[in-house]
Each structure stands twice: as C-alpha cells, then as structure tokens.
Amino acid sequence: MDVRPLTIDGAWAFTPVQHGDGRGLFLEAFKADVVAETIGHRLDLAQVNTSVSAAGVIRGVHFSDVPPGQAKYVTCSAGAVLDVVVDIRVGSPTFGRWDAVLLDDLDRRAVYLSEGLGHAFCSLQDGSTVTYLCSTGYRPGAEHGIDPMDPEIGIAWPKVARDGSPLEFVLSEKDAAAPSLVQARESGLLPELDVVREFLASR
C-alpha cells in the first residue's frame, strides 16, 4: 500500500495494490497496522457510514467537536468523488487551506483525515458510493458544517462529471445554510490546534 501525506498536516492518501486476473480483482482496502504506523496510533473503529450520491452532489464541509472529534478513513467503492480535506484548526499554519484527492473505483485509494479537520466531497457520477470508517459515532449537537462554497476557502469544485457532462451542484439545506469559515471562527465553533494536538498526544 502506497501512503502519501497531503498538504494538510494530519491527512494522508492510501493507494492499495490491486491483484487482478480473469475472475476480477482483489485488494486490501484498509490495513490497521499501516494506518497506525502512519498516524501514530490505532484507528478505533466506532461506526461505518455509507452514502450514495448523484452526480453533482456536494456533502460537507463537515467536522466534529474536539475532543473527541471524529477521524475518518474514506473510500469510494463505486463511481467517483473529489474528496476534500479542509484545515479548520484555529492556530494552524495552514488554516483555511484545502487539499483534494480523487477517490474512485479504478485506483480505489482512500483518504484518512484526523480529528479537527473538515471533510467534504463532490460526486462525479450518479451512484457514487462512499464509505467512511469513523473513530466515533454520530453525536447530535457536536457535528457542524461550513459552507462548501465559501470563497474564503475557495475550493475548486469540478465543473464536469466523470462522463464529461457539466455538473449542477446539489447541496442539502443544512449544508447550503452553513456558516462561512470566518463566521464559524467568530462563533467559536472551530477546533483549536493546541486542543487537537493535546488530545492526539493523549491517544
């Protein structure tokens, strides 16, 4: 498995080795020892989520209160998505920046993002199926969002689908009404880098 750090500290891309023959293919989509060696501790699996999205659907930018936060290991088993990690940790040298990885059913790579980071994706094909291995379960009241169209962040969302057709973005009412990065910071919603580091050091 190839491991590549993203430009946001605390996020990595994992690309598995695929073994194919006349029957199809086999791959190790998640290896606990490789992930633990990369991130510095084991990923405690508390919940597995799956979403299926039409082309143009944008989900996020989502994040959770720290502690405990929610680390995610994200894969796309069918279709394709542009997966985005946003640094929303106040005090981080890359605060407000983002990085993106194509997750699809060809390379079958995954993205890991640690606690305190924001996550979003745009579906590039109808039926894109995304699976999230999560370190904590859903906690009402502790889950938040930031406007994925916030120009302050400036995510370069794709304009065309996997088949080359133009994309029309679709957001949930909740995501469309989410605050900007500045508004979220001013309201005290965002995690502090020092708090995140202290929590991770205690793992």
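Bear in mind the structure is a predicted one, so any value in this text is a computation, not a measurement.

(A) Structural view of the packing of aromatic side chains. In this structure the tally under the stated criterion is 3 aromatic pairs. Summarising the aromatic geometry, the rings of W12 and Y112 are spaced 6.0 Å apart at their centres and angled 45° between planes, so their arrangement reads as tilted. Here W12, found in strand 2 (residues 11-15), pairs with Y112, found in strand 10 (residues 110-113); they are 100 residues apart in sequence, far enough to count as distant. Of the two residues, W12 and Y112, neither departs from the other in class, the shared state being buried. An angle of 55° between the planes, with centres 5.5 Å apart, marks the rings of F14 and Y73 as tilted. Highlighted residues: F14 in strand 2 and Y73 in strand 7 (residues 72-78), separated in sequence by 59 residues.

(B) Broad picture of the UniProt feature "active site" (unreviewed entry) in the protein. Within this structure's numbering, the places UniProt gives as "active site" (unreviewed entry) are H62 and Y132. Over a stretch of 71 residues, the named residues converge on one spot in the fold, their C-alpha atoms separated by at most 12.8 Å. Along the chain, the position of H62 falls in strand 6 (residues 58-64). Those residues in contact with H62 that sit more than four places away from it in its chain are K72, L117, G118, H119, H144, G145 and D175. Along the chain, Y132 turns up in strand 12 (residues 128-134). Looking at Y132, the relative accessible area reads 10%, which means it is buried.

(C) Broad picture of the nonpolar core. Counting residues in hydrophobic clusters, the biggest one holds 21 residues, and the most contacted among them are V86, I88, I146, I155, W157 and L190. Where this core is concerned, the elements lending two or more residues are strand 6, strand 8 (80-87), strand 11 (117-123) and helix 3 (181-186). Apart from the residues lying within four places of it in its own chain, the contact partners of V86 are V61, R97, W98, L117, G118, I153 and I155. With 17 residues, the next largest nonpolar core counts A11, V85, V130 and Y132 among its residues.

(D) Inspection of the side chain of R89 at higher detail. With respect to the helices and strands, R89 occurs in the loop between strand 8 and strand 9 (98-104). In terms of polar contacts, R89 uses its side chain to reach the side chain of D87, at 2.9 Å. Excluding residues within four positions of it along the chain, R89 makes contact with I8, D9, T94, F95, G116, L117, P191, L193 and V196.

What counts as what
- Residues numbered from 1 in each chain as written.
- Predicted model: local features only at pLDDT ≥ 70, side-chain atom pairs only at ≥ 80, totals over all residues.
- Heavy atoms only, no water.
- Phe/Tyr/Trp six-rings, centres within 6.5 Å; stacked < 30°, edge-to-face > 60°.
- Helix = DSSP H or I, 4+ residues; strand = E, 2+ residues; numbered from the N terminus.
- Buried < 20%, exposed > 50% of the residue type's maximum accessible area, 1.4 Å probe, protein only.
- UniProt positions renumbered as here; feature names shortened; annotations may be inferred.
- Contact = heavy atoms within 4.5 Å.
- Core = buried A, V, L, I, M, F, W, Y, C linked by side-chain atoms within 4.5 Å.
- Polar contact = N/O pair within 3.5 Å; in protein donor to acceptor, adjacent residues only side chain to side chain.

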